[in-house]
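In case you want the letters, here they are:
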Amino acid sequence: MAVIAVDLGKCQGYANCVVAAPHVFDLSEAGKVEILVDGVDPADREAVTDAIAACPAGALRLEES
Ligand code: SF4
């Protein structure tokens, strides 16, 4: 199952990812992205791909495992 890799150093808290896939991404109180899932369910894949593309900071990546 694919997993989402995050570069918190790049994340600027724009929350585009949260808007695109609110059941997968959240924002911490520190304004950084939080991943709510351990792996990407195939049913969520399109939403996750959209969320990654929507991140203006390039902080998200999909890693195939
Ligand atoms: S869209 Fe990118 S910069 Fe914004 S919260 Fe999500 S990971 Fe961080």
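Up top you'll find the structure we're talking about.
Residues numbered from 1 in each chain as written. Predicted model: local features only at pLDDT ≥ 70, side-chain atom pairs only at ≥ 80, totals over all residues. Heavy atoms only, no water.

Novice: Give me the lowdown on the pattern of salt bridges, citing residues and values where you can.
Specialist: Side chains bearing opposite charge may pair, as long as their charged atoms lie close to each other. Summed over all chains, the structure comprises two salt bridges. The closest approach of N and O atoms between glutamate 63 and arginine 61, which form a salt bridge, is 2.9 Å. (Salt bridge = Lys/Arg side-chain N within 4 Å of Asp/Glu carboxyl O.)

Novice: Before we move on, could you go through unusual backbone geometry and cite the residues and values that matter?
Specialist: Positioned with a positive phi, alanine 15 is a non-glycine residue whose angle comes to about 70°. Structurally, alanine 15 is set in the loop between strand E1 (3–6) and helix H1 (16–20). (Helix = DSSP H or I, 4+ residues; strand = E, 2+ residues; numbered from the N terminus.)

Novice: Could you give me a rundown of the site of the ligand, with the residues and numbers involved?
Specialist: For the ligand, the set of nearby residues contains 13 residues, the closest of which are Cys11, Tyr14, Ala15, Cys17 and Cys55. A breakdown of the residues in the shell around the ligand according to their chemical character gives ten nonpolar, three polar and no charged. (Near = heavy atom within 4 Å. Nonpolar A, V, L, I, M, F, W, Y, C, P; charged D, E, K, R; others polar.)

Novice: Give me the lowdown on the environment of alanine 51, citing residues and values where you can.
Specialist: With respect to the secondary-structure elements, alanine 51 resides in helix H2 (residues 45–54). Exposure remark for alanine 51: the relative accessible area of 0% places this residue in the buried category. Taking the C-alpha atoms as reference points, alanine 51 and proline 22, 29 residues apart in sequence, are found 9.4 Å from one another. (Buried < 20%, exposed > 50% of the residue type's maximum accessible area, 1.4 Å probe, protein only.)

Novice: For the side chain of aspartate 44, give the residues involved together with the corresponding values.
Specialist: Relative to the elements of secondary structure, aspartate 44 occurs in the loop between strand E3 (33–35) and H2. Of the side chains bearing the opposite charge, arginine 45 lies closest to the buried aspartate 44, which forms no salt bridge; the N-O distance is 11 Å. Among the polar contacts listed, one links the side chain of aspartate 44 to the side chain of histidine 23, at a separation of 2.9 Å. When near neighbours in sequence (up to four residues on either side) are disregarded, aspartate 44 contacts His23 and Val24. (Lys, Arg positive; Asp, Glu negative; His and termini not counted. Polar contact = N/O pair within 3.5 Å; in protein donor to acceptor, adjacent residues only side chain to side chain. Contact = heavy atoms within 4.5 Å.)

Novice: Explain H2 to me, and be specific about the residues and the numbers.
Specialist: The complete set of buried residues in H2 reads Val48, Ala51 and Ile52. All buried residues of H2 lie within an arc of 100° about the axis, which places them on one face of the element. When the buried face of H2 is taken as reference, the exposed residues oriented beyond 90 degrees from it are Glu46 and Ala53. Turning to H2, the residues buried within the fold contact E1, H1, strand E2 (25–27) and strand E4 (60–63). (Arc of directions from axis to C-beta.)

Novice: Just give me the short version of the nonpolar core, but keep the residues and values in it.
Specialist: By size, the foremost hydrophobic cluster in this structure holds 16 residues, and its most contacted members are Ile4, Cys17, Val24, Phe25, Val33, Val48 and Leu60. With three residues, H2 is the largest single contributor of residues to this core. (Core = buried A, V, L, I, M, F, W, Y, C linked by side-chain atoms within 4.5 Å.)

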